[in-house]
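# Chains, contacts and geometry: an overview
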Amino acid sequence: MFKITYLFFCIVAGILPEESRETAEVILKLNDLLDVLNSRSKYDQCTWKRAISCNKPATEEHHVRLLKEADEWLGRWVVGDGSVRIDSIGGLRQTIRGVQAIWEVCKENGSTALCTRRLNQDGVENLFGVIRQRGGDRDHPDPTQFRHAYRHVLVNNLMTPPESANCEADGDNLIAALREVLPHSERSRQSQEEAAPIPERPLPVFVDPVTENCVGYVAGYLVCKHCECEGCRKVLSKESNVAAIASETLAALKSHTSITSMDVGSLHLPTPDFLSFVMRCYVVFNQNASSLLLRHGICRALVALVMQSESAKALKDRLCHPGVLAKIASTYMRLMLHPL
């Protein structure tokens, strides 16, 4: 609104030519119309942004008159020689008439106010934008993917419009806040209690050769990322760069060097003890991640479980910097939690 006022000021001051006044008046009318079509409060400072209401502060007369005048005004618009049809103009006129019809129905059913912003689809578009960004670039999720993504968004209360959204933030995060739909007593209990306890007898996790190869490849990546000390690297990574066992096949294929000689190139092959440690991370995650999903500090809890294992204790005594194991376990858990 300030920019429109400044535009009129420039015309009066002679900065802009007098012919610009008609353009400024068109912009002002469209601005007022869009304010009426996007009202979200009965008490907004701007009169046109207030909800259509027949109670104090009463806006029904002014808003309905503006909508009717805008419909007639748009109907007089001529583009080109008159044979050109602009869909957006027709769509805007349909929206104006639809709002007037909805307001009449609302009054017949006893409603005293209508926030027109609740009639647009920005909230749905923002919701779908968040769902598409869950778990990576997923523009066309199937029903199962949508259900899982929505569930995780709901639990984590992350229903905020994505940065790439072309809709203004709608401010309606009620459907996203799981705590808000719970009774007050339930919310209090949930905030005081822990999430589901860790099962005393976790289910067994079966590791097939493909999984073992994947874990071995990730273990080599973790060594490269976190281990700068030469002494620690000798404990965690093999000196040989030739894949000699079945679990190192994937690393050899990923190196794109020489498949016949199984040379892993610049990749790292984990030692048996370190591979056992990363495999323990994999098992702990699959056994406990679902039961810790609603708990604060899920990553720290999973790392703590891994560090209690015998494989972690055996490696810590041989490392120059024992803290590197916790960092490696934390990075692994974050990699696994990201798609979850």
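Counting from 1, residues in each chain are numbered in the order their sequence is written. Only residues with pLDDT of at least 70 are given local features in this predicted model, and only at 80 or more are side-chain atom pairs given and counted; all residues enter the totals for whole chains, interfaces and linings. Water and hydrogen atoms play no part in the side-chain values, which are based on all heavy atoms of the structure.

## Quick look at the overall build of the chain
The helix and strand labels rest on DSSP assignments: H or I over at least four residues marks a helix, E over at least two residues marks a strand, and numbering proceeds from the N terminus. When its secondary structure is counted, the chain shows 14 helices and 2 strands. A simple rule labels every residue: compare its accessible area, found with a 1.4 Å probe on the protein chains alone, to the largest value its type can have, and call it buried under 20%, exposed over 50%, or partly exposed in between. Sorting the 340 residues of the chain into buried and exposed places 32% on the buried side. For the chain, the exposed surface amounts to about 21300 Å²; the carbon and sulfur share of it is 54%. The method behind every accessible area is Shrake-Rupley, applied with a 1.4 Å probe, and residues are considered shielded solely by the protein chains displayed.

## Looking at helix H11 (residues 272-288)
To estimate how far a helix should extend, the number of its residues minus one is multiplied by 1.5 Å. Its 17 residues give H11 an end-to-end C-alpha distance of 24 Å, which sits within 8% of 24 Å, the value for a rise of 1.5 Å per residue. For H11, the buried fraction is high: 12 of the 17 residues fall into the buried class. Turning to H11, its buried residues number three or more, namely Phe274, Leu275, Phe277, Val278, Met279, Cys281, Tyr282, Val283, Val284, Phe285, Gln287 and Asn288. Residues of H11 that are buried in the fold lie against helix H8 (209-226), helix H9 (230-236), helix H12 (298-307), helix H13 (310-316) and helix H14 (323-337). Residues count as neighbours in contact if any of their non-hydrogen atoms are within 4.5 Å of one another.

## Comments concerning the environment of Gly90
The topology assignment puts Gly90 in helix H4 (residues 87-108). Distance from Gly90 to Asp71, taken between C-alpha atoms, is 9.7 Å for residues 19 residues apart in sequence.

## Some details on the nonpolar core
Put simply, buried Ala, Val, Leu, Ile, Met, Phe, Trp, Tyr and Cys residues joined by side-chain atoms within 4.5 Å make one nonpolar core. With 37 residues, the main nonpolar core has Leu236, Phe274, Phe277 and Met333 as its most contacted residues. Among the elements that make up this core, the one with the highest residue count is H11 (10 residues). Residues within four places of Phe277 in sequence aside, it is in contact with Val306, Met307, Ser311, Ala312, Leu315, Leu325, Ile328 and Ala329. With 16 residues, the next largest nonpolar core counts Leu37, Val64, Leu74 and Trp103 among its residues.

## Things to note about the packing of H8 against H11
To obtain an axis, a line is fitted to C-alpha atoms, over the contacting stretch when the element is a helix, and the angle between two such axes runs from 0 to 180 degrees between their N-to-C directions. Across the interface, H8 lies against H11 with an axial gap of 9 Å and an inter-helix angle of 110°. Considered as vectors, H8 and H11 are oriented roughly perpendicular to each other. Where H8 crosses over H11, the two elements pack in a sense that is right-handed. Note on element contacts: H11 touches H8 through Phe274, Leu275, Val278, Met279 and Tyr282, opposite Thr211, Glu212, Val215, Gly216, Ala219 and Val223. Broken down by class, the residue content of the contact of H8 with H11 amounts to 8 nonpolar, 2 polar and 1 charged. Small angles under 35 degrees read as roughly parallel and large ones over 145 as roughly antiparallel, with 65 to 115 read as roughly perpendicular and the rest as oblique. Rotating anticlockwise by less than a right angle from the far helix to the near helix defines a left-handed crossing, while the corresponding clockwise rotation defines a right-handed one. Residue polarity is assigned by list, with Asp, Glu, Lys and Arg as charged and Ala, Val, Leu, Ile, Met, Phe, Trp, Tyr, Cys and Pro as nonpolar; anything else, Gly included, falls into the polar class.

## Details of the environment of Ala58
One can find Ala58 in the loop between strand S1 (52-53) and helix H3 (60-75). Taking the C-alpha atoms as reference points, Ala58 and Ala113, separated by 55 residues in sequence, lie 9.2 Å from one another.

## Topic: the packing of aromatic side chains
Given two aromatic rings, their pairing is described by the distance between the two centres and the angle made by the two planes. Pairing of aromatic side chains here covers Phe, Tyr and the six-membered ring of Trp, requires ring centres within 6.5 Å, and sorts the geometry by plane angle: under 30 degrees stacked, over 60 edge-to-face, intermediate tilted. Following the criterion strictly, the structure yields 4 aromatic pairs and no others. Pairing Phe146 with Tyr150 gives two aromatic rings, centres 6.5 Å apart and planes at 5°, and the pair type is stacked. Here Phe146 and its partner Tyr150 are both found in helix H6 (residues 143-156), 4 residues apart, which amounts to about one turn of the helix. With a centroid separation of 6.1 Å and an interplanar angle of 20°, the aromatic rings of Phe274 and Phe277 are classed as stacked. In this pair, Phe274 and Phe277 both sit in helix H11, 3 residues apart, roughly one turn of the helix.

## Side note on the pattern of salt bridges
Salt bridges, as used here, are contacts in which a Lys or Arg side-chain nitrogen is within 4 Å of a carboxyl oxygen on Asp or Glu. Per the stated rule, a full pass over the model turns up 8 salt bridges. Put simply, Glu60 and Lys107 hold a salt bridge, and the shortest N to O gap is 2.5 Å. In this pair, Glu60 sits in helix H3 while Lys107 sits in helix H4, placing the two residues 47 residues apart along the sequence. Asp273 is the salt-bridge partner of Arg318, the closest N and O atoms lying 2.4 Å from each other. Within this pair, whereas Arg318 is found in the loop between H13 and H14, its partner Asp273 is found in helix H11, the two being separated by 45 residues in sequence. For Arg318, a relative accessible area of 43% puts it in the partly exposed group. A relative accessible area of 37% means that Asp273 is categorised as partly exposed.

## With respect to the confidence of the model for the chain
Mean pLDDT for the chain: 78, with 80% of residues reaching 70 or above. The quantity known as pLDDT measures the predictor's confidence residue by residue, on a range of 0 to 100. Contacts from residues 173-182, a stretch scored under 50 in pLDDT, to residues over four places away or in other chains number 18 contacts. The model gives residues 190-197 a pLDDT under 50, and that stretch makes 9 contacts with residues more than four places away or in other chains.

## Quick word on the packing of helix H2 (residues 20-36) against H3
The N-to-C vectors of H2 and H3 enclose an angle of 130°; their axes lie 10 Å apart at closest approach. Our classification of the angle between H2 and H3 gives oblique. Helix-helix and strand crossings are classified by hand; for H2 and H3 the assignment is left-handed. Residues Val26, Lys29, Leu30, Asp32, Leu33 and Val36 of H2 touch H3, and the partners they reach there are His63, Leu66, Leu67, Ala70, Trp73 and Leu74. Residue composition of the contact of H2 with H3, grouped by class: 9 nonpolar, 1 polar and 2 charged.

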